Amino acid sequence: MNKRRFKFFSVMVLCLMLILIAFCPIQAANKERVFTYILDTEDQETADPQMTTWAYTIPMNIFDGLVRADTIAPGQSDLVPALAESWEISDDGLVYTFHLRKGVKFHNGEELEADDVLFTINRMMDPKTKALNTDFYDMIKGAKECLNGEADSVEGVKVLDDYTVQITLEEAFSPFLALLAAPPCAIFNRKATTEAGSNFGLIPKKTIGTGPFKLTSWTVNEEMTVEAFDDYYRGRAKVDKMVGKIIPDIATARMLFENAEVDVFDCDFARSQIPYFLESEKWSKQVVSGPRVGVFYYCINESIKPWDDVRVRKAFQCAVDRKIILDKIYHGQGILANGIMPKGLVGYNPDLEEIQYDPEKAKELLTEAGYPNGFDSEIAIISGTTSTRDELVQPMLANVGIRVKIKSLDSAAYYGTRREGKLPMYTNVWSADFNDPDNFFYTFFSKKNTAARSFNYNNPEVQDEILRARRIVDPKERIALYQELEKKIVYEDAAWLPLFSLDHLFVVQPKVKNFKVAWNGWSSMPFYGIEIIDK
Amino acid sequence: MAKFIFKRLLSAIPILLGVSLIIFILLNVVPGDPITLMFKEHIYPEVIERLRREMHLDDPAYIRYFRFIWDALHGNFGISYKLNRPVTYLLLNAFPRTLVLALSAAVFSWIVGIPAGILSAVKQYSIEDYFFMGFALCGVSMPVFWSGLLFQYIFALKLGWLPVAGYAGVKYYIMPAIVLGWSSAGTIARLTRSSLLEVMQNDYIRTARAKGLRELPVIFRHALKNSILPVVTIMAIQVASLLSGSIITESVFGIPGIGRIAVGAIQSRDMPLLQGSVIFATFLVIIGNIIADVAYAFIDPRIRYD
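A brief look at the structure comes next. Note that the structure is a prediction, hence the values are computed from the model and not measured.

Looking at the overall build of chain A
- Secondary structure summary: chain A contains 17 helices and 20 strands in total.
- A globule of 535 residues ought to have a C-alpha radius of gyration of about 24 Å, and chain A, at 26 Å, matches this closely.
- Each of the three principal axes of chain A carries a C-alpha extent, and together these read 100 × 65 × 40 Å.
- Burial status across chain A gives 48% buried among its 535 residues.
- Contacts in chain A between residues at least 24 apart in sequence constitute 68% of all its contacts with a sequence separation of at least 6.

Right, dumping it as structure tokens:
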């Protein structure tokens, strides 16, 4: 009996010890400075910025480009040297000569050379790569031929010596330098990327860049970890490690932050929480805010009657009280937008006439257009997303006779229908990829893109001017043209309804220092300057 | 018995083929395509068309389907369009987390549900009966997204006893296991109670008591053994269902399991990943049913599969 009891108690003690061990926090031998954040609600697909159009947070921290857009003030940026320490542009805007920094190391110890730039551009335009962001380099001479399989490499990229690379464009393209600061234009190491093959961007130790961090681990749908690169050319980062968690549920994300299990909360996840954080004694001092160089807008599909009538579109512009939406849903954290170029973008026009809320004028315009009793229409949303903007707009439009039904589609159906040009009215936001008006005008109103975004804007004269603006070398002349086009598109053609530019709010734990909102207000941002100071 | 298991496994083949065909047809009929979705806001129409051609997504549907079946028969379920990794790798990576979650939820539901059902049946209409049946009703009625958030709020945020989300150790599984297992425990408790009550009306139970047997052996050796069969069925089906992924629990608690993989595949129209996930889940359900049938034979000697 004693032996049995002894065995029983031994087992119980062992179980108790195991439980205690499971509950004991693991003590790190050295106190690492770890920054934990919510990377996204879904897995990042790849860390290769040539193969993704949206998952840029990790690439922005493990790679560099030739130039970089630095925040010089809230919502303002400047193009500064990055991997290229200087450059020259020919007077005709065709030839860009970059002088690379010497001694820049990749994570595998290799030194950056001009050949890596050549390799990177060739890789993007190689049809075997199946890159998604070929539009970022297709203005380079010979790039399209390479993409079509008619050439082995991009003719317009030449290595002049180990640290000098020359890029010649097919025709002048003024946004080119600004575009090189965008994440898809990160520079890769020829040796490491070639050896990695299709695993580049997927397997951490094979994903080599020059950035301040290197990718060290990745568990699909769970988290991605980067660690500081000791030999980073701007100096080692002040945090040792960054852990980006994938958290699909917004309420869980908020609780993780309040429980100090993550160090920053992006209020874009849950805008309804903004008043709580702003009014909270504990968190109000921890709110970091910056303007977004972006515009929230309503798309008006001109291929769907009666939206092809400019009077109907102008009626829509007058029927929406944008100030109420900004105040009620977004707590006044932003400014009304009246054009296409948001504040902070090169070319922004602060003197644009405000689009007035005038429901009576809207009714007159509809009557003039032949719709005295209004008409029925739809607004499309992605299911699972909040549609509070649309829910506020719906009665405003009903007030003037436009009876809209909010149609919910899953994301694949939504994007697929939009690409076919058949999505009815929808609202969205566009924040600058790079600091140039072309990123807005060409994206929405060019002949190439307007149908794919379901605008179906049809003004050939304006569309020709959008293409011409890309080739103008003189900045003043370019900006003047964009400002003129802006008035035509928004006021004369009423091709869209700009709503507002919102501030982007983050809340950080007290131990996080130097957290700055990116120049364009993106959620994806470089975290290089962040410090963790444990009290 | 071996012959029985082999026949059941053979019969799984047409089921799996049928399931894969239904998935293929559905994914081709619903609007949206995986290539467009890859681009999200950055739509480049020419690039999208080029990628569709290069990935052979513009081939006729029957060619794409037979290509998939041919590769699947060779153990290759393809590369996920969205996650860019072999489907087999993704499923095998995610499955252990779902396995731990499913088994811990299942064990919780058994160790709570069966005793609760027994106690409720033995002490019918007592306070214990009402308590446990109320507990069962809550488990069955409360949606996981609600109970999960409630648990996180109380035990993580307010009391600080447990972490909010993640899966880095045993303590990370406690809340998800309870939240997920509560519903199953409720079903098992109710079924055990009703099944036991029915059996305890029988003459042989009266005879056992009349012979002078104590109540515990009457319940466990005679009554429970004869009432457990339907409960075993439910337990096996619940385990199979849990193993195929509990998307809401995995989302709320940040566990990267099979459920999230499968739902992500549907949302991104990721045909290879969705086919792999559904075939995997179907296979687990078939295995669950086979295990339930085999368990019958062990529990009830009258059941034979020769």
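Here we look at the interface of chain A and chain B
- Taken together, the contact pairs 41 residues of chain A with 44 residues of chain B.
- Mapped onto the side of chain A that touches chain B, the elements with two or more residues apiece are helix H1 (2-23), helix H7 (250-258), helix H13 (411-419) and helix H15 (447-450) of chain A.
- Broken down by element, the side of chain A that touches chain B gets its largest block of residues, seven residues, from H13 of chain A.
- Grouping the constituent residues of the side of chain A that touches chain B by class yields 16 nonpolar, eleven polar and 14 charged.

Some points on the environment of Phe173 of chain A
- Here Phe173 of chain A lies in the loop between strand S7 (164-168) and helix H5 (176-179).
- The residues contacting Phe173 of chain A, other than those within four sequence positions of it, are Met139, Arg470 and Arg471 of chain A.

As for the sheet that holds strand S5 (residues 95-100) of chain A
All names here are of chain A.
- Strand order in the open sheet made by the four strands is S4-S5-S7-S6, with antiparallel pairing throughout. Two strands in the sheet have a free side with no partner beyond their single neighbour: strand S4 (84-89) and strand S6 (157-161). Going from strand to strand, the sheet's axes swing by 20° on average, the running direction of each strand aside.
- With five bridges joining them, S4 and S5 adopt antiparallel strand pairing. Note that in S5 the partner of Ala84 across the bridge is Leu100.
- The sheet contacts of helix H3 (residues 114-125) involve S5, S6 and S7, and relative to S6 the element is tilted by about 175°.

A look at the sheet that holds strand S1 (residues 34-40) of chain A
All names here are of chain A.
- A sheet is described by the order of its strands in space; here four strands give the open sequence S1-S10-S9-S8, paired in mixed fashion. What marks the edges here is a single partner per strand, and that holds for S1 and strand S8 (213-219). For this sheet, the mean inter-axis angle between neighbouring strands, taken without regard to orientation, is 20°.
- Alignment of strand S9 (residues 223-228) against strand S10 (residues 241-246), held across five bridges, turns out to be antiparallel. Across the sheet, the residue bridging to Met224 is Gly244, located in S10.

Structural notes on helix H12 (residues 388-400) of chain A
- Within the sequence span of H12 of chain A, burial applies to Val393, Met396, Leu397 and Val400 of chain A.
- Against the buried residues of H12 of chain A lie helix H9 (310-319), helix H11 (359-368) and strand S16 (402-409) of chain A.

Here we look at unusual backbone geometry
- Residue Pro306 of chain A is bonded to the preceding Lys305 of chain A through a cis peptide linkage, with omega at 0°.
- Here Pro306 of chain A lies in the loop between strand S13 (294-299) and H9.
- Of note in this structure, Arg269 of chain B is not a glycine but carries a positive phi near 50°.
- Mapping Arg269 of chain B onto the fold places it in the loop between helix H12 (258-267) and helix H13 (271-299).

What about the packing of helix H1 (residues 2-29) of chain B against H13 of chain B?
Residues and elements named next belong to chain B.
- H13 packs onto H1 with a crossing angle of 150° between their chain directions and a minimal axis gap of 9 Å. In terms of orientation, H1 and H13 fall into the roughly antiparallel class. Seen along the crossing, H1 lies across H13 with a hand that is right-handed. Listed contacts from H13 to Ile5, Arg8, Ala12, Ile15, Leu16, Val19, Ser20, Ile23 and Leu27 of H1 are Met271, Leu274, Gln275, Val278, Ile279, Thr282, Phe283, Ile286 and Ile290.
- Its residues assigned to classes, the contact of H1 with H13 shows 14 nonpolar, three polar and one charged.

The rules we used
Residues numbered from 1 in each chain as written. Chains lettered and ligands numbered in written order. Predicted model: local features only at pLDDT ≥ 70, side-chain atom pairs only at ≥ 80, totals over all residues. Helix = DSSP H or I, 4+ residues; strand = E, 2+ residues; numbered from the N terminus. Rg over C-alpha atoms; globule rule 2.2 N^0.38 Å. Buried ≥ 20, exposed ≤ 12 C-beta atoms within 10 Å, placed from the backbone. Contact = placed C-beta atoms within 7 Å. Nonpolar A, V, L, I, M, F, W, Y, C, P; charged D, E, K, R; others polar. Pairing = 2+ DSSP bridges. Axes fitted to C-alpha atoms, helices over the stretch in contact; angles between N-to-C directions. Parallel < 35°, antiparallel > 145°, perpendicular 65-115°, else oblique. Left-handed = near helix turned anticlockwise from the far one by under 90°.

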